[in-house]
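Here is what each chain is made of, one letter per residue.
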Amino acid sequence: MIETKEPSMSGALRISAEVGSRIYQQMWRIRVFEEHANELYLAGKMPGLTHLYTGQEAVAVGVCEALQREDYITSTHRGHGHCVAKGARLDLMFAELLGRSPGYNRGKGGSMHIADQENGNLGANAIVGGSAGIATGAALSAKMRGSGQVAVCFFGEGALGQGLLHEVMNMAQLWDLPVIYVCENNRYGEYTHFSETTAGTVLGRAQALGMKAFEVDGQDVLAVNEVLTQLVAAARDGGGPALVECHTYRYHGHHVGDINREYYRPKAEELEWREKRDPIKLFGERLVAAGLASAEELAALQAAVREEAAAALAFALAAPFPDPSEVTLHVYA
Amino acid sequence: MSTLEALVAAARPEAARVITFSQAVREALAEEMRRDERVFVIGEDVAEAGTPFKVLSGLVEEFGPGRVIDTPISEAGFTGLAVGAAMTGMRPVVDLMFGDFLTLVMDQLVNQAAKTHYMSGGKLRVPLVLRTTLGATRRSAAQHSQSLQAWVSHVPGLIVVTPSTPYDAKGLLKTAIRNDNPVVFFEDKMGYTDKGEVPEGDYAIPFGVADVKRPGEHVTLVATSSMVQVALKAADELARQGVSAEVVDPRTLFPLDKETLVASAKKTGHVIVIDEGYERYGVTAELAAVIADGAFYHLDAPVKRLGAMDVPVPFAPTLEDVTVPTPEVVVALTKRLLAGEA
């Protein structure tokens, strides 16, 4: 079965006010978390650097809203959004970004390796495409155990250049594994436009394997969610894998230090996406238009998230660094 | 069983059973798969074919294709699948046909499997065994003959096992499968038909415990995997010449039983370390350093190393045979060492 879904921003909202608020809140939590992360970097308070997800929130939230807590995801170096959307706590995430002891990985992973196994997040991954095997293996495991779990493999379009992804997609299709490959095409791999690195089409890669393939407007959280809900249900019922290409955009540079980037990406293009295709703004407008939330209610949600994030950050900044004696802890289980 | 029968049984123990190295590997796998339904085998031609070396023949008949999984020729891919399966409740045993193919799986093994437990602050585990082969002189040329155990021994987070006998293979493979860490398990492809005494039923050999394969007084031959038999043959010849050689097999390169190696070195005062990996920056270098560090003031001569010649393994028999340490080479070096000439 090979299908293509056209991007759609129209149509009545088939969600409840409660679900709408949760989706809005989750996207906003990602946005605010990353505002703080960027500030921490610019203020020299965060070790290393980080890759911001800002602009792509509808993909993470649209996908994870289609999943159960026990379902698996694997994430990328640009992974804060996936982590929040899958249910992580902001305080433990901030603590990890700052290398503090209570962080999700006890300060041993940092931004690029946050894992939250209690919510099914098998970890961000700093090797581009490196988690494709893990996600597919988690799906194999789910199938072998008969657990009914589904795995989602998030990756950027840059990972299409990695052989591992194609190897495991082949096996997933051969064996009807319950895994959904979510390609976040944010148009740039590091400092290079994807058209310079990607021959053919994204969907064509899956279609060549006989795998279901869809593309969707990644700025439309409900469109993403609708496609994923169908695919996840099918995968759970033994319907096998699928690939979804989500067209999206990262507002910031490749990482927080990539500030002067006009040599590879025009400012006008960034402005266009920020102003006309912002996933949170668009979704908020739709909620209001549909009468599912008032502007005041959305403002209150925003304020509540800002309060949550500020408290979470304060917790993390006050948290201790790991004791040096922990350096040899957990090399082996 | 009556008391009389028990007495009779104890008085007449069954003759020790002799099986091959590959039978020992297969038996360990089968017993562990019967014991634990989470254990499964994945790799190229592992099912009906039983691998090109026929090590796994019969497993698919007992456990079915759902637990003895034939894959496409995608080493990185199926190793990655195993990592993900291990992280989520299964205990995969990966079959990597030739050790040379480690090049193809290094990211999944080194950047993913080895680091996951540490990077996750101890929350995620990767109980994975990757069985692969080492050893030259099979006329397989440069891409099917390497002994790359040094590469993985370098990586924190990995356990590296190098059994040299059928007995050790069965006991160590069981320990590997029951261990919660990624384990790389090297089998000498030229030793699959070697025979040895192997008990039926369950036993496990702990990691990090070296085995003195032959006690001796004048020189210590520390040998790994394929080189243990080379060292034992050399020891036989040395004995005929009046030299008593002790052969010590570390059995696991990590964790490494430094105490046993150092104790033997202190006893004999002369040490040669033999491993079939490339000599340059190889396993022999690490073992020699451990011994020099722990036994320096007891040594009568420098610790000598014998590894594979630092060349790509050549095809022509006349060329290939000179790249690997032989009993003759070990005997000659031992005599020079004891004469103060090495």
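Residues numbered from 1 in each chain as written. Chains lettered and ligands numbered in written order. Predicted model: local features only at pLDDT ≥ 70, side-chain atom pairs only at ≥ 80, totals over all residues. Heavy atoms only, no water.

From N to C terminus, chain B includes 12 helices and 14 strands. Relative to the 2.2 N^0.38 estimate, which gives 20 Å for 342 residues, the radius of gyration of chain B is 21 Å and therefore close to what a compact globule would have. If one aligns the C-alpha atoms of chain B with their principal axes, the spans along those axes are about 60 × 60 × 45 Å. In chain B, buried positions account for 60% of the 342 residues. In chain B, 82% of the contacts between residues at least 6 apart in sequence involve partners at least 24 apart. Here chain B has roughly 13,400 Å² of accessible surface; of this, 55% comes from carbon and sulfur atoms. (Helix = DSSP H or I, 4+ residues; strand = E, 2+ residues; numbered from the N terminus. Rg over C-alpha atoms; globule rule 2.2 N^0.38 Å. Buried < 20%, exposed > 50% of the residue type's maximum accessible area, 1.4 Å probe, protein only. Contact = heavy atoms within 4.5 Å. Areas by Shrake-Rupley, 256 points an atom, 1.4 Å probe, with all protein chains shown as cover.)

Quick look at the domain arrangement of chain B now. Residues and elements named next belong to chain B. Per the domain assignment, the segments making up chain B are domain 1 (16–199) and domain 2 (211–338). On a C-alpha basis, the centres of domain 1 and domain 2 stand 26 Å from each other. Between domain 1 and domain 2, the contact holds 27 residues from the first and 26 residues from the second. Of the roughly 2,100 Å² buried between domain 1 and domain 2 on both sides combined, carbon and sulfur atoms contribute 55%. Per-residue buried area on domain 1 facing domain 2 is highest for Arg139, Thr162 and Ser164; these three make up 27% of the total on that side. Arg139 serves as the salt-bridge partner of Glu320, at 2.8 Å between the closest nitrogen and oxygen. (Domains from an automatic or database assignment. Buried area = accessible area lost by both parts, 1.4 Å probe. Salt bridge = Lys/Arg side-chain N within 4 Å of Asp/Glu carboxyl O.)

All names here are of chain B. A grouping of Met309, Val311 and Val322 is seen on the molecular surface, where their side chains present a nonpolar patch of about 230 Å² in accessible area. Mapping Val322 onto the fold places it in the loop between α11 (317–320) and α12 (327–338). Val322 gets classed as exposed once you look at its relative accessible area, which sits at 53%. (Patch = residues over 30% accessible without salt bridge, like charges linked within 9 Å, V, L, I, M, F, W, Y side chains within 5 Å.)

The pairing of strands in a sheet happens through backbone hydrogen bonds and is either parallel or antiparallel. All names here are of chain B. Taken in spatial order, the 7 strands line up as β3-β2-β4-β5-β7-β6-β12 in an open sheet, and their pairing is mixed. This sheet does not close on itself; its edge strands, each paired only once, are β3 (68–70) and β12 (252–254). Each strand axis lies, on average, 20 degrees off the axis of its neighbour in the sheet, ignoring direction. In this sheet, β12 lies alongside strand β6 (residues 159–161) in antiparallel orientation, the contact comprising 2 bridges. The partner of Val161 across the bridge, within β12, is Thr252. (Pairing = 2+ DSSP bridges. Axes fitted to C-alpha atoms, helices over the stretch in contact; angles between N-to-C directions.)

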